Amino acid sequence: MDFGPHLFLALLEGTVSAFVLAVTALGLSLVFGVMRVVNVAHGEFYMLGAVLAWWLTTLLAGSPAIGFGVALIIAPLIVGAFALAADWLILRRIDYHPESTIVATIGLLYIIQQLVLTFYGPDARPVEPPLYFRVSFPWFGYSGYKLIVVGASALLLLGVWLAMARTKFGLYMRATQQNQEMAQAFGVPVRRVYAIVFALGAMLAAAAGVLVVPIQQAHYLMGLDPLLLSFIVVIVGGLGSLRGTVVAAFVIGLSDGVISVFFSPTLAKIIATLFVAMVLVYRPSGLFGQPEEEA
Amino acid sequence: MTKNKGDKQTIATTDTGISRRTAFKTAGVLAGAAAAGAAGAFAPGSIIRPASAHQGDGNNALRIGLQVHRTGIGAAYGKWYERTTNAAVKLINGHGGIGGRPIELIIEDDGTDPKRGAEVVEKFALQHKVDFIFGTLFSHVVNGSAPRAGELKVPYFVVSEGYHVASGSLNRYTFQPCITDVRSQIQGISSWVLGNLGKNVAMIYPDYAFGYNHRDFFGAAVAANGGTVTASLAIPPTESSYTKFFAKIPSNTDLIYHVMVGPGVLTFVKEMGEHFGSNRPELFGFMDSLEAVDMANPGLDYLEGSHFWEAMPRYAASQNTIGANFYRSKVGVDENGASVDDSKDIATFSHMFGCWETLYAIKQAVEDSGYRDNTAKDKEALIETLENTRWYNEGIEHPQGHKAFNGKLHQCFGSQYISKVNGGKLELVHTTSIEDGLYEPEADYTKMSL
Amino acid sequence: MTAGKTGRIIVLHLAVIAALFAAQYFLPAYHHGNVARILVLASFAVGYNLLLGYTGLLSLGHAMFFAAGMYGAGLPLYYFDIGVIPAFGLGLLASLALAFCFGLLALRTSGVAFLIVTLMFAQAFFLATLYFNEITLGDQGFVLSEQARTLNLGGVGFSFADPTVKYNAALLLFACCMLGCLALVRSPIGRVWMAIRENEPRTRMLGYDSYRYKLLALVLSGVMSGAAGAGYALLFAYVGSTFASIQYSIFALLWALLGGVGTVLGPLVGAGLMFYLVDIAGDFTSSYLLVVGVVLVVLILWYPKGLLGSLRERWLPWLP
């Protein structure tokens with residue numbers, strides 16, 4: 001393919017993955033930013049969203065569009081409930097201590113993976129997109145559904161931004177993120193905020209999983225890669241900055257696609273990876289983060 | 001500033017952390033959830049199961065260990081390996097066992113991980129004290145595990161289709177008697193493919209051991225047949241979207257040779273369809289891409305008219321022999337290659353036969369060599385018997401087809417099947433001969449000491 | 001620190017080594033082999049713990065140091081059959097060089113940025129082992145022959161395939177790493193590390209060049225991890241990309257945290273516990289991951305500081 005169209009294709013692909021990544025990473029950004037804990041099981045919430053989407057669309061086998069719509073609402077709710085339970089049973093009781101949380105969420109990861117392996121199985125199963133059409137560009141064809149994913153993700157991101165900026169709960173979240181002790185002193189119910197933020201983060205990841213599953217398939221190991229990428233995006237964007245997370249998602253999502261135009265796939269990945277690392281080396285607080293205060 | 005009375009607990013922990021009672025409560029709930037999950041009657045397969053799946057008669061039993069990928073990336077294969085093995089053991093034991101001795105089958109999960117694989121080999125040899133180990137599939141696990149089997153002097157039968165055994169890099173205790181290796185497979189099919197589908201080939205393969213074999217061996221075959229490789233694309237293991245790679249395929253390509261493995265396969269085909277549309281080159285793939293995947297999936301209609309290598313034809317109509325039909329009925333696979341209990345549960349038909357046939361190969365070797373116990377003398381007799389084996393004949397013991405066995409390489413050679421996708425099903429169009437797949441041996445295990 | 005405390009500490013740690021040495025004469029064959037493995041993996045975790053537990057730097061990339069040692073020893077042995085000791089030395093050198101160069105770049109960051117930088121570099125390293133598969137044989141890896149793994153000392157051949165040699169070599173490796181760690185953390189260097197862990201700006205204000213100390217910690221941590229990797233290649237005969245993948249970085253983290261981060265013996269406890277947890281759970285159910293996950297959660301609920309960490313907190317405050 002000629003260079004121009006090739007680049008255009010890479011940009012399209014990059015945009016799709018950037019949007020999905022932004023939604024997944026946003027969930028992690030909230031959890032990491034507000035609660036300051038590393039949730040190693042975040043990718044598993046994404047995977048649960050995809051698997052539940054498969055289950056729900058299989059139950060409502062009539063129309064793919066309706067089944068998918070239901071899945072997009074119900075799956076995140078189920079995952080959110082699960083996350084609330086995990087917070088109440090586990091995280092709250094170790095007081096969100098960072099290192100204990102890592103071990104606990106690794107345990108949670110094993111539990112979720114095994115449960116899915118047992119009840120869903122080891123196979124990768126597809127889900128039909130709610131609408132299927134092919135967009136014909138002069139040089140290549142492209143999946144119409146992917147463009148829908150872009151739109152849906154954009155809506156989700158907008159929704160989260162509005163919630164953060166305009167609602168009381170958003171205010172509580174931002175206050176807790178900036179200074180947890182001060183927020184508590186001002187009457188913010190920090191414990192409850194934590195629980196809801198954790199659930200919200202899981203729900204966003206699950207929603208991303210539902211959106212992505214018609215493009216990829218639902219497989220019980222699919223959560224690891226989104227986990228890693230989300231982490232990278234959150235840190236590169238800057239802790240505590242949702243805008244940074246979204247921008248970083250785009251930088252990383254697009255650069256991966258563009259670099260692969262010029263180099264072989266594995267080499268492209270190596271270069272993209274080192275590029276991200278060097279961004280952090282020279283700007284440790286990330287693109288939009290506040291530099292760490294001296295204690 | 002008033003403190004919110006609703007929030008009683010402060011954030012800072014007390015010195016002793018959580019109370020024991022709370023921990024018990026939590027542990028109880030979690031354990032309860034775990035038990036519920038584990039004991040769920042509607043869960044597929046038995047969950048709580050001791051490692052030993054078939055109890056033999058204590059002293060007289062022949063203990064055989066199945067090293068299976070129950071979890072990890074190979075789990076879809078492992079599931080069918082286990083089913084096939086259980087069916088074969090049941091059949092063999094039902095007919096008096098091996099030389100009058102029942103098989104006691106012990107199953108361990110290696111998590112598709114080379115480190116765990118080696119640990120499991122030790123467990124089989126030193127704790128379970130098995131006579132033989134078999135069943136490993138993924139090449140990196142074979143490479144991680146086989147050395148330990150060699151050190152522990154346990155006969156180790158690989159069911160992998162990797163080129164590792166025949167390359168001579170393993171040890172004299174390791175055999176691959178009933179599944180052909182990828183080099184032989186490629187050798188066998190390449191002249192038909194290049195002669196019938198096209199000579200300007202773009203190769204897409206995973207950036208993985210298995211992929212390199214295809215890159216190297218098929219690349220050599222292309223050159224030998226007067227063709228050219230227009231693109232050679234190694235896809236990194238974590239890749240889940242392939243569209244950007246299709247863009248690298250130049251327009252003078254007549255044939256795309258694809259060997260994608262893993263969960264991304266359906267995406268791969270769908271995106272290939274979206275990218276090329278109706279104006280596409282010929283496609284040739286290996287069934288590894290579609291093991292356990294339903295050909296009737298809507299996303300796969302793009303494959304209509306394309307060709308695939310199969311080790312054993314998934315659709316019964318393509319191989320209507322007594323042996324194949326009997327085997328199919330015993331392992332519970334219907335004429336479309338799906339489980340008889342669930343038409344959406346597709347078998348890994350091009351691999352699992354290896355387990356069935358290997359057990360019969362073990363039976364033959366034990367009975368012919370007079371192997372009784374785990375002694376150096378008996379093992380030597382067994383290994384020499386195996387090395388002197390020349391043929392495995394097609395039949396209910398070897399339903400996939402005739403095989404020639406090369407004692408020096410510890411590897412068998414057999415027929416390969418090329419099928420065409422027609423109406424959402426696979427139809428056999430060509431069967432290679434054993435000679436098509438022969439290559440110059442590069443090793444001789446018989447020269448190694450035991 | 002009174003002399004009595006020091007004595008107690010040294011006696012305890014030497015006793016652990018003595019007990020491990022004696023154990024080889026009592027352990028059934030299966031557990032004998034397991035302990036050898038656990039000791040090598042625990043050495044990896046001890047190296048990791050040096051950086052996390054004592055200096056307070058959380059890394060998600062230590063698999064690259066482990067793999068650097070593994071490839072550094074394995075590649076020359078595979079291609080040139082250079083002998084066990086030179087191979088081990090090259091493994092150490094490779095991980096040292098990598099840790100040093102990496103440290104020069106990465107220690108400009110700290111906290112979460114450092115975390116991601118370690119992760120990224122480790123991922124790049126893993127991908128590089130795949131990319132250069134002509135040499136490294138990539139994911140499939142390669143097998144080291146028994147002959148290549150035989151140490152010739154004064155005419156006597158010690159084959160690493162032999163269980164006794166394997167066990168004692170693993171024990172020697174672990175003893176060096178563990179005692180080295182013990183010596184370091186109780187030395188002035190160790191105290192500066194712990195000061196950096198608690199409050200780096202204040203440590204700098206006191207006149208210590210924290211960057212230099214962190215670099216030292218990173219390099220020593222990397223070399224220990226590399227030693228474990230080289231040991232693994234020599235003892236268990238297999239080198240492959242799997243060991244450079246992220247899950248091995250997570251293992252080191254898990255073993256250190258579970259056993260007790262910031263304790264010298266914690267990593268051994270963590271590595272051993274995880275090994276046997278998987279092993280025993282697998283005997284009872286095919287859903288063993290579930291059991292492992294539940295046990296991890298329960299253990300961390302009871303012992304938030306890890307097993308030895310909680311032990312130290314409640315009963316043995318002198319445990320280093």
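Below is a short write-up of the structure. The model shown is predicted, which means the values in this text are computed figures rather than measured ones. (Residues numbered from 1 in each chain as written. Chains lettered and ligands numbered in written order. Predicted model: local features only at pLDDT ≥ 70, side-chain atom pairs only at ≥ 80, totals over all residues. Heavy atoms only, no water.)

Re the pattern of salt bridges
Point 1. Here the structure, examined in full by the defined rule, presents 32 salt bridges over all chains.
Point 2. In this structure, the salt-bridge partner of C:D283 is B:K123, at a minimum N-O distance of 2.8 Å. A residue pair is termed interchain when its members come from two chains, as with C:D283 in helix α12 (residues 266–284) and B:K123 in helix α3 (residues 114–128).
Point 3. The partner of C:K305 in a salt bridge is C:E313, and the shortest N-O contact between them spans 2.9 Å. (Salt bridge = Lys/Arg side-chain N within 4 Å of Asp/Glu carboxyl O. Helix = DSSP H or I, 4+ residues; strand = E, 2+ residues; numbered from the N terminus.)

Overview of the interface of chain C and chain A
Point 1. Taken together, the contacts link 41 residues of chain C with 41 residues of chain A.
Point 2. Approximately 3600 Å² of surface area, both sides summed, lies buried where chain C meets chain A, with 83% of it carried by carbon and sulfur atoms.
Point 3. In this assembly, chain C and chain A are joined by zero salt bridges.
Point 4. At the junction of chain C and chain A, the tally comes to three residue pairs in polar contact (both at pLDDT 80 or more).
Point 5. When residues of the side of chain C that touches chain A are traced back to their parent elements, those giving at least two are α5 (111–131), α9 (200–205), α11 (246–259) and α13 (288–302) of chain C.
Point 6. When residues of the side of chain C that touches chain A are assigned to their parent elements, the largest contribution, twelve residues, is made by α5(C). (Contact = heavy atoms within 4.5 Å. Buried area = accessible area lost by both parts, 1.4 Å probe. Polar contact = N/O pair within 3.5 Å; in protein donor to acceptor, adjacent residues only side chain to side chain.)

Things to note about the sheet that holds strand β7 (residues 228–235) of chain B
Residue and element names in this part refer to chain B.
Point 1. An order of β7-β6-β8-β9-β10-β16-β17 is seen for the seven strands of this open sheet, with the pairing classed as mixed. Edge positions in the open sheet fall to β7 and β17 (425–431), since each of these has one partner strand only. Strand-to-strand, the axes of this sheet are offset by a mean angle of 25°, without reference to chain direction.
Point 2. Bridge analysis of strand β6 (residues 200–206) against β7 gives seven bridges, and the strand direction is parallel. Among the inter-strand pairings, Y205 is bridged to a residue of β7, identified as A234.
Point 3. Together, β6, β8 (255–258), β9 (282–286), β10 (307–310), β16 (417–422) and β17 form the strand contacts of helix α5 (residues 182–196), whose direction differs from that of β9 by roughly 170°.
Point 4. Packing of helix α6 (residues 209–224) onto the sheet brings it into contact with β6, β7, β8 and β9, and relative to β6 it is tilted by some 165°. (Pairing = 2+ DSSP bridges. Axes fitted to C-alpha atoms, helices over the stretch in contact; angles between N-to-C directions.)

Description of helix α8 (residues 265–276) of chain B
Residue and element names in this part refer to chain B.
Point 1. Counted at 1.5 Å a residue, the expected span for α8 with its twelve residues is 16 Å, and the 16 Å between its end C-alpha atoms agrees.
Point 2. Most of α8 sits inside the fold, with twelve of its twelve residues counted as buried.
Point 3. Listed as buried for α8 are V265, L266, T267, F268, V269, K270, E271, M272, G273, E274, H275 and F276.
Point 4. Of the residues one or two after α8, G277 is the one with positive phi, at around 65°. (Expected span 1.5 Å × (residues − 1). Buried < 20%, exposed > 50% of the residue type's maximum accessible area, 1.4 Å probe, protein only.)

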